[in-house]
Amino acid sequence: MTGYDIQTLADRAEITDLFVKLGRCLDEHRFDELHELFTEDVVGTTPGGTQNGRDALVAQARRNHEDYDRLTHQFTSVLVEVDGDAGSIRAYVTGSFGHEADPRPERVLTGLYRNKVVRTTGGWRISELTVEPRFRVEAAVSAQ
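Residues numbered from 1 in each chain as written. Predicted model: local features only at pLDDT ≥ 70, side-chain atom pairs only at ≥ 80, totals over all residues. Heavy atoms only, no water.

Novice: What am I meant to see in the packing of aromatic side chains here?
Specialist: Aromatic rings considered in pairs are described by the distance between their centres and by the relative angle of their planes. For the structure on display, the rule yields 4 aromatic pairs. Between Phe19 and Tyr113 the ring centres are 5.2 Å apart and the planes differ by 85°, which places this aromatic pair in the edge-to-face class. A residue pair is termed long-range when its members are at least 10 positions apart, and Phe19 in helix 1 (residues 6–27) and Tyr113 in strand 5 (residues 102–120) qualify at 94 residues. The burial state of Phe19 is the same as that of Tyr113; both residues are buried. Judged by centre distance (5.2 Å) and plane angle (75°), the ring pair of Tyr68 and Phe97 falls under edge-to-face. Here Tyr68 is found in the loop between helix 2 (54–65) and strand 3 (70–83), whereas its partner Phe97 is found in strand 4 (residues 86–99), with 29 residues between them in sequence. Here Tyr68 falls in the buried class, since its relative accessible area comes to 9%. Take Phe97: its relative accessible area is 6%, and that puts it in the buried class. Connected via pairs of aromatic rings, a cluster forms that spans Phe19, Phe75 and Tyr113. (Phe/Tyr/Trp six-rings, centres within 6.5 Å; stacked < 30°, edge-to-face > 60°. Helix = DSSP H or I, 4+ residues; strand = E, 2+ residues; numbered from the N terminus. Buried < 20%, exposed > 50% of the residue type's maximum accessible area, 1.4 Å probe, protein only.)

Novice: Got a minute to help me understand unusual backbone geometry in this structure?
Specialist: Leave glycine aside and you will find that most residues have negative phi; peptide bonds, for their part, are mostly trans. One non-glycine residue, His29, lies in positive phi territory at about 55°. Examined against the element boundaries, His29 turns out to sit in the loop between helix 1 and strand 1 (38–46). Despite not being glycine, Ser77 shows a phi value in the positive range, around 50°. Its location among the elements puts Ser77 in strand 3.

Here it is as structure tokens:
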């Protein structure tokens, strides 16, 4: 492994922050801020379907997350690679979905993110977002 130059380290830090902001925006229902993270022509493939374009992907994220007031997206094994003005992010995510009235999650999803990023005049942006599901755990429905 060769060393990194300062520009590569700065790029890796900015790309990592971009990825962490994605999870934070979902968790905190800051859906409008997602527009700042994607290219206009982003392609997103998630358990919720495939969307072409930033507006469609943000709308899908809103639909799939807004009904939950307790959300956590935790990323592990984050690998950022940079090649000039392009790069990639590979990471595992565990997303927990629940409600304020009950500390137990209604749903827990684990998946693998494989994202592509590009440098734009506004900084790094996600140009391709892919979530490959690995595990899904649903809370048991209680009889009432």
